[in-house]
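If you want the building blocks of each chain, they are given just below.
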Amino acid sequence: MEKKIIMSLVTIVAALMLSACTGNTNKKESQQEMQTNEMAEKDMEGMDHSEMNPSSNELPEGLKEAENPKFGVGTKAIIHADHMKGMDGAEATIVGAYDTIVYTISYAPTNGGNRVTNHKWVIQEEIEGAGSEPFEPGTQVIINANHMEGMEGVTAKIDSAEETTVYVVDYTSTNGEKIKNHKWLTESELSSP
């Protein structure tokens with residue numbers, strides 16, 4: 001009988017310890033999930049590209065000027081994109097217009113930051129070993145661009161591809177910041193003032 005009582009007590013104690021551990025694990029998992037969600041939200045906020053390098057004057061080799069762009073160099077346009085904070089609705093001056101293939105990409109930055117998904121935009125001439133044919137979605141490529149910190153040299157996955165005219169613009173953001181040589185905006189992200 002004494003053996004049964006001891007076994008019962010051991011079983012109850014073990015069950016209590018397991019449930020306590022499970023409770024802590026669930027609490028830890030909830031905290032980790034909250035942190036992951038906060039990081040994901042921060043990353044989405046990061047899609048304002050606060051780490052972006054918008055003012056580079058360098059253009060990739062082989063980039064061809066557009067022959068008949070909808071928005072000519074020196075003209076004004078309204079931006080309908082939110083690549084950076086204060087961009088959407090800002091008036092831009094067109095600095096350059098180029099015919100190319102434009103991509104959205106996903107990649108893990110070389111600086112160890114959070115994974116970036118559907119980054120807009122990288123162009124054909126910024127992809128290592130690119131020829132004239134577009135890359136198919138899902139293709140792994142190496143990026144030769146430094147639009148954002150940790151981007152240059154990464155292996156990225158092509159999310160989408162489109163042949164279009166891309167633009168380099170100067171603009172004053174809706175929060176007053178002057179941005180020069182922002183790369184890239186597509187024709188569909190601009191309208192006449």
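Our subject is the structure that appears above.
In this text, all values refer to a predicted model and were calculated from it rather than measured experimentally. (Residues numbered from 1 in each chain as written. Predicted model: local features only at pLDDT ≥ 70, side-chain atom pairs only at ≥ 80, totals over all residues. Heavy atoms only, no water.)

### Structural notes on the pairing of strand S7 (residues 178–186)
The buried fraction of S7 amounts to 7 of the 9 residues, a majority that puts the element mostly inside the structure. Sheet topology note: the strand S6 (residues 155–172)/S7 ladder contains 6 bridges and is antiparallel. Along S7, the bridge assignment pairs Tyr171 with Ile179. (Buried < 20%, exposed > 50% of the residue type's maximum accessible area, 1.4 Å probe, protein only. Helix = DSSP H or I, 4+ residues; strand = E, 2+ residues; numbered from the N terminus. Pairing = 2+ DSSP bridges.)

### Concerning the environment of Ser106
Examined against the element boundaries, Ser106 turns out to sit in strand S3 (residues 91–107). As for Ser106 and Thr155, which are separated by 49 residues in sequence, their C-alpha atoms are 8.9 Å apart. In this structure, Ser106 is in contact with Arg115, Val116, Thr117, Asn118, Ala156, Lys157 and Asp159, ignoring residues within four places of it in sequence. Here the side chain of Ser106 touches Asn118 through a polar contact of 3.1 Å, landing on its backbone nitrogen. (Contact = heavy atoms within 4.5 Å. Polar contact = N/O pair within 3.5 Å; in protein donor to acceptor, adjacent residues only side chain to side chain.)

### Some details on the nonpolar core
Counting 17 residues, the largest nonpolar core has Ile79, Ile94, Tyr167, Val169, Tyr171, Leu185 and Leu190 as the members making the most contacts within it. Discounting residues that sit within four places of it in the chain, Ile79 has contacts with Met87, Asp88, Gly89, Ala90, Ala92, Val169, Tyr171, Leu185, Glu189 and Leu190. In this structure, Tyr107, Ile127, Val154 and Ile158 belong to the second largest nonpolar core, which totals 16 residues. (Core = buried A, V, L, I, M, F, W, Y, C linked by side-chain atoms within 4.5 Å.)

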